[in-house]
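# Results of the structural survey
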Amino acid sequence: MQVTLVILKPSAVQRGILGEIISRFEKKGIQIAGIKMMQLTDETLEAHYAHLTEKPFYSRIKNSMQASPVVVLALKGLDVVNVVRKLSGVTNGREAQPGTIRGDYSMSVQENIVHASDSPETAEAEIKRFFTEGEIFNYTPYLNPYLYANDEL
Ligand code: UDP
Ligand code: MG
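Note that the coordinates shown come from a computational prediction; the quantities given were computed from them, not determined experimentally.

Turning our attention to a nonpolar patch on the surface. On the surface, Met1, Leu78 and Leu153 cluster together into a nonpolar patch covering about 280 Å² of accessible area. Of note, leucine 153 is situated in the segment after α8 (144-147).

Pasting the structure below:
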């Protein structure tokens with residue numbers, strides 16, 4: 001089983017749609033292995049968006065990500081990194097397919113509701129960045145037999 005990181009950005013917190021977004025992951029059959037609210041520091045953001053710190057718009061993204069606390073989720077499931085990226089939709093909310101989170105809730109590139117890890121390697125590093133070991137919970141979902149075939153688990 002993989003674990004992936006989702007950040008419910010200030011655009012989700014302030015618009016009061018945390019529950020709706022989390023509910024989408026739950027209904028899909030994805031397990032919540034960790035969840036907390038936090039205020040992102042400069043250091044955490046620089047590490048998290050290392051691929052963007054040299055861009056002219058980095059300070060705009062930084063301000064946006066620090067505009068309120070965020071909620072971070074550690075989501076667990078089979079191929080969950082890829083599944084959650086697909087559920088999230090492409091970066092630009094105006095281009096994202098209807099039915100995806102960004103496609104249904106966002107009109108913006110920046111204010112696009114969620115972050116989702118983009119590869120298994122990134123997911124591992126991001127989970128370590130945002131959660132301590134004790135904050136990731138290992139419990140068996142009772143519904144597993146109805147979510148997966150025996151040979152998938
Ligand atoms: N972003 C932006 N303008 C850009 C590129 C990115 O505002 O031209 C923001 C946007 O919020 C995006 C985040 O920076 O979600 C991280 O960018 P990335 O290219 O990693 O997109 P993602 O993986 O979130 O789809
Ligand atoms: Mg990215």
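Here we take up the site of ligand 1. In the neighbourhood of ligand 1, 13 residues make up the surrounding shell, with Lys9, His51, Arg85, Thr91 and Asn112 lying closest. Between ligand 1 and the protein, one listed contact pairs an oxygen atom with a side-chain N or O atom of threonine 91 at 2.5 Å. The backbone of valine 109 places a nitrogen or oxygen atom 3.3 Å from an oxygen atom of ligand 1. For ligand 1, the accessible surface in isolation is 500 Å², of which the surrounding protein chains cover 81%.

Time to look at the side chain of threonine 4. Within the secondary structure layout, threonine 4 lies in strand β1 (residues 2-8). Residue class for threonine 4 comes out buried when judged on its relative accessible area of 0%. Within the structure, threonine 4 has its side chain in polar contact with the side chain of serine 117 (distance 3.4 Å). In this view, threonine 4 contacts Leu73, Ala74, Leu75, Val80, Val81, Val84, Ser117, Ala123 and Ile127; residues no more than four positions away in its chain are not counted.

Okay, the nonpolar core next. In terms of nonpolar packing, the biggest core is built from 19 residues, with Val6, Leu8, Ile21, Phe25 and Leu75 touching the most fellow members. When contributions to this core are tallied by element, the ones reaching two or more residues are β1, α2 (18-28), β3 (70-77), α5 (80-88), α6 (101-105) and β4 (114-116). Of all hydrophobic cores here, the second largest spans 17 residues; its members include Met38, Tyr49, Leu52 and Val70.

Tallied over the full model, the rule gives 4 salt bridges. A salt bridge links glutamate 135 to lysine 36; its shortest N-O distance comes to 2.8 Å. Here glutamate 135 is found in the loop between α7 (120-130) and α8, whereas its partner lysine 36 is found in strand β2 (residues 31-38), with 99 residues between them in sequence. On the basis of relative accessibility, which here comes to 23%, the residue lysine 36 falls in the partly exposed class. Ionic pairing is found between lysine 62 and aspartate 42, a salt bridge with its closest N-O pair at 2.8 Å. Residue lysine 62 is located in helix α4 (residues 58-65), and its partner aspartate 42 is located in helix α3 (residues 42-48); the two are separated by 20 residues in the primary sequence. You can call lysine 62 buried: its relative accessible area is 18%. Assessed through its relative accessible area of 32%, aspartate 42 is described here as partly exposed.

The rules we used
Residues numbered from 1 in each chain as written. Chains lettered and ligands numbered in written order. Predicted model: local features only at pLDDT ≥ 70, side-chain atom pairs only at ≥ 80, totals over all residues. Heavy atoms only, no water. Patch = residues over 30% accessible without salt bridge, like charges linked within 9 Å, V, L, I, M, F, W, Y side chains within 5 Å. Areas by Shrake-Rupley, 256 points an atom, 1.4 Å probe, with all protein chains shown as cover. Salt bridge = Lys/Arg side-chain N within 4 Å of Asp/Glu carboxyl O. Helix = DSSP H or I, 4+ residues; strand = E, 2+ residues; numbered from the N terminus. Near = heavy atom within 4 Å. Polar contact = N/O pair within 3.5 Å; in protein donor to acceptor, adjacent residues only side chain to side chain. Buried < 20%, exposed > 50% of the residue type's maximum accessible area, 1.4 Å probe, protein only. Contact = heavy atoms within 4.5 Å. Core = buried A, V, L, I, M, F, W, Y, C linked by side-chain atoms within 4.5 Å.

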